[in-house]
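Topology and contacts: notes
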Amino acid sequence: MTGSRKVTAGGGRGSRLGRTALTGLSFLVLLVAGVGWGYLNLTGQIDTFGADGISGDRPPASPNGQNVLVIGSDTRSGANRKLGGGKGTVGRSDTVFLLHVYADHRHAVAVSIPRDSMVDIPACRTPSGEWTAPQHHVMFNGAFSVGETAEGNPACTQNTVEHLTGLRVDHTVVVDFSGFSALTSAVGGVPVCLPQDIYQQDLSPKRPTRGALVFAKGPQTVSGQRALDYVRIRHGIGDGSDIGRIKRQQAFIGSLIKKVKSQGLNPTTLLPLADAATDSMTVDPGLGSADRLLKFAMSMKNIDLRNTRFVTVPWRYEGARVAIVEPEAHALWAALKADRTIDGHDAKAHGLLRGPGARLAPPAGGGIHRSGKGKGSRSPERPDDASPSPAAPAPVAGTGISLAVYNGTTVNGLAARAAELLRAHGFTVTGTATASNQGRMSTVIQYGPGLQAEAETTARLFGGARTMASGTAGIQVILGTSYAENPSPAAEATPTPSAVPSTIGDGARSADEDLCKDLSYG
């Protein structure tokens, strides 16, 4: 973790061991810690990681809610070693989700990203100050290990998530083993459920015998080490995959949030919880002070349990790994960017706050009739005898076209902006990077053999762009200052996002869900 530092609020606690994270507890940890600071003026330290590893080529900021990245790690170094499992001292991400807190401050959704997902990892900064080369089609959890430090590389994971989703990550949070254990004990245990009996061999698959019973089938309450064991269970349930474990971790987080809220957010209940929470966190510099933490936490305190939802990014197996499924995943990211809930509501202040019936308006042109108006319909905007307007240009459709985007200027974030535009039109962006020449005036679309038509389709999104044949395979979009200074109208007109597939909403879990429901896969 490059540039890690400690921010002191009040009296110091002395040196602390490096932080790693177990699982996604950002909503609870931030709420408890932030409100605890506000009520109790709790003294102590908040660890932050340096911003020098965050890419300069980022998606633009958005007023539509906030995105919080939560990274988990299976590192067993330092004080966490006695809490069990694994060998080695390099930080490796175990659980990651992106929490979207909607602009109405009454809804939130956490999107889990499986650690075995195959993704592109952009250039990342190592502790030595060097930047790595981008990696294509590699395991998602590899981003956290770039630089091979015990603390991991949360900035690299943040860069990877922004590259994958096209969403700007506003904050990143890490929670360590010991803090997690203390938090579950401080709350008095967390209600959970097991779909079947769990034995020692299920926790340690290399064990030669089944061993003793660890968890009995059915509802029970866990804390400390047993809580850690619960969220780690992978084998012995369903197909033994990380997908099933994600379901149980989502159920656990929801149950923990429910338990804390049931006890009330008051000084008596918050003192031990806030102490455990602030002792367990590493955050980005934007949350690295008590007042910032409090402000953000208070923005989430009115989110109802039923409006705290958990989903997993659309996926399929790719051999032993996981492939993220498009265009379904893009539809999910587009919905979050527009601040739409996964069941189609508009959660901006002028949307859901008007009432439960407020939904997105259908796309212009009408519902499922994508090619024109329905039979017998007329436009309310012009009389029947008005001359028809000239036909609008056909929308740019990039389905099946893969390309890379290079920033040929010194304008930060330009490649990310263009990548977002391209993905919105169905293109597959294989990577973004800085071009070797950053003095380009106009945008050039370079294409390899047999790809001229695809290059010309791409050029339609960039006003004044020219296409150029190249001996290099594939398509490369090299952006010039003409795009930075005056994007064409076509480039700014992002198509109406597709609705989030019903399978995502149907499979969502809320924080007040039945504890024993949907806890395994396969």
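Residues numbered from 1 in each chain as written. Predicted model: local features only at pLDDT ≥ 70, side-chain atom pairs only at ≥ 80, totals over all residues. Heavy atoms only, no water.

**Some points on the overall build of the protein chain**
- When helices and strands are counted, the protein chain shows 14 helices and 22 strands.
- Split into buried and exposed, the 522 residues of the protein chain put 52% on the buried side.
- The contacts in the protein chain between residues at least 6 apart in sequence include a share of 74% that link residues at least 24 apart.
- Total accessible area on the protein chain is roughly 22,700 Å²; 51% of this is exposed by carbon and sulfur atoms. (Helix = DSSP H or I, 4+ residues; strand = E, 2+ residues; numbered from the N terminus. Buried < 20%, exposed > 50% of the residue type's maximum accessible area, 1.4 Å probe, protein only. Contact = heavy atoms within 4.5 Å. Areas by Shrake-Rupley, 256 points an atom, 1.4 Å probe, with all protein chains shown as cover.)

**Section: the packing of aromatic side chains**
- Following the criterion strictly, the structure yields six aromatic pairs and no others.
- Centroid distance Trp315 to Tyr521: 5.2 Å. Interplanar angle 70°. Geometry classified as edge-to-face. With Trp315 in strand 15 (residues 315-318) and Tyr521 in the segment after strand 22 (509-510), this residue pair connects regions lying 206 residues apart in the sequence.
- Feature note: the residues Phe215, Tyr230 and Phe252 constitute an aromatic cluster, connected by ring pairs.
- For Arg210, the ring lying beneath its charged end belongs to Tyr199, and the centroid distance is 3.9 Å. (Phe/Tyr/Trp six-rings, centres within 6.5 Å; stacked < 30°, edge-to-face > 60°. Lys NZ or Arg CZ within 6 Å of the ring centre and 35° of its normal.)

**Section: the environment of Arg417**
- Structurally, Arg417 is set in helix 10 (residues 414-424).
- Taking relative accessible area as the criterion, Arg417 reaches 29% and is therefore assigned partly exposed.

**With respect to unusual backbone geometry**
- Following Glu326, the chain continues to Pro327 via a peptide bond in cis, the omega torsion being 5°.
- By the secondary structure assignment, Pro327 is in the loop between strand 16 (321-324) and helix 9 (328-337).
- Even without a glycine there, the phi angle at His105 is positive, about 60°.
- Note on His105: relative accessible area 36%, which makes it partly exposed.
- The backbone of Asp339 shows a phi angle near 65°, a positive value even though the residue is not glycine.
- With respect to the helices, strands and loops of the structure, Asp339 is situated in the loop between helix 9 and strand 17 (402-407).
- Taking relative accessible area as the criterion, Asp339 reaches 0% and is therefore assigned buried.

**What about the confidence of the model for the protein chain?**
- Overall, the predicted model of the protein chain reaches an average pLDDT of 77, with 72% of residues at or above 70.
- The spread of mean pLDDT over the elements of the protein chain runs between helix 13 (residues 489-492), the lowest at 46, and strand 12 (residues 218-222), the highest at 96.
- Predicted confidence for residues 36-43 stays below pLDDT 50, and this span has 31 contacts to residues more than four positions away or in other chains.
- This model gives residues 349-392 a pLDDT under 50, and the stretch forms 28 contacts once residues within four places in sequence are excluded. (pLDDT = per-residue confidence, 0-100.)

**Thoughts on the pattern of salt bridges**
- Applying the stated criterion across every chain, the model contains eight salt bridges.
- In this structure, Asp116 and Arg234 form a salt bridge, with 3.7 Å as the shortest nitrogen-oxygen distance. In this pair, Asp116 is assigned in the loop between strand 5 (108-112) and strand 6 (118-121) and Arg234 in the loop between helix 5 (224-232) and helix 6 (242-263), connecting sequence segments 118 residues apart. Of the two residues, Asp116 and Arg234, both sit in the buried class.
- The salt bridge involving Arg306 is made with Asp304; its shortest N-O contact spans 3.0 Å.
- Classification of Asp304 by relative accessible area gives partly exposed; the value is 31%. (Salt bridge = Lys/Arg side-chain N within 4 Å of Asp/Glu carboxyl O.)

**With respect to the nonpolar core**
- Residues Leu69, Leu98, Val111, Val161, Val311, Trp333 and Leu336 are the most contacted members of the largest nonpolar core, which totals 33 residues.
- Of all elements in the fold, only strand 3 (66-73), strand 4 (93-101), strand 5, strand 6, helix 2 (154-165) and helix 9 reach the threshold of two or more residues within this core.
- Ignoring sequence-local partners within four residues, the contact set of Val161 consists of Leu69, Leu98, Ile113, Phe140, Gly166 and Val169. (Core = buried A, V, L, I, M, F, W, Y, C linked by side-chain atoms within 4.5 Å.)

**Concerning the pairing of strand 19 (residues 444-447)**
- Residues Val444 and Gln446 of strand 19 are buried on one face, and the alternating residues Ile445 and Tyr447, pointing to the opposite face, are buried as well.
- Bridge count between strand 19 and strand 20 (residues 466-469): four bridges; the pairing is parallel. Pairing of Val444 across the sheet is with Arg466, part of strand 20.
- Between the parallel elements strand 19 and strand 20, the chain passes through helix 11 (residues 452-459) in a crossover that is right-handed.
- Relative to strand 21 (residues 475-479), strand 19 is paired through four bridges, and the arrangement is antiparallel. When the sheet's bridge partners are listed, Val444 is paired in strand 21 with Ile478. (Pairing = 2+ DSSP bridges. Right-handed = clockwise from strand over helix to strand, strands pointing away.)

**What about the side chain of Asp104?**
- For Asp104, the position within the fold is in the loop between strand 4 and strand 5.
- For the buried residue Asp104, which engages in no salt bridge, the nearest side chain bearing the opposite charge is Arg106, 6.2 Å off.
- Only 2.9 Å separates the side chain of Asp104 from the backbone nitrogen of Arg106, close enough to count as a polar contact. (Lys, Arg positive; Asp, Glu negative; His and termini not counted. Polar contact = N/O pair within 3.5 Å; in protein donor to acceptor, adjacent residues only side chain to side chain.)

**Concerning the sheet that holds strand 17**
- Reading across the sheet, the five strands line up as 18-17-21-19-20 and stay open at both edges, with mixed pairing between neighbours. Where the open sheet ends on each side, the last strands, each with one partner, are strand 18 (428-434) and strand 20. Across the sheet, the axes of successive neighbouring strands diverge by a mean angle of 20°, strand direction being ignored.
- Contacts from helix 11 reach strand 17, strand 19, strand 20 and strand 21 within the one sheet, and its direction differs from that of strand 19 by about 165°. (Axes fitted to C-alpha atoms, helices over the stretch in contact; angles between N-to-C directions.)

**Here's the deal with the state of the cysteines**
- As enumerated under the stated definition, the model contains two disulfides in all.
- Paired through a disulfide, Cys124 and Cys156 show a sulfur-sulfur distance of 2.1 Å. Because the torsion about its S-S bond is 75°, the bridge between Cys124 and Cys156 counts as right-handed. Here Cys156 lies in helix 2 and Cys124 lies in the loop between strand 6 and strand 7 (135-139), a separation of 32 residues in the sequence. Across this residue pair, the class does not change: Cys124 and Cys156 are buried.
- Between the sulfur atoms of Cys193 and its disulfide partner Cys516 the distance amounts to 2.0 Å. Since a negative S-S torsion denotes a left-handed disulfide, the Cys193-Cys516 link at about 95° is right-handed. In this pair, Cys193 sits in strand 9 (residues 190-194) while Cys516 sits in the segment after strand 22, placing the two residues 323 residues apart along the sequence. (Disulfide = S-S within 2.5 Å.)

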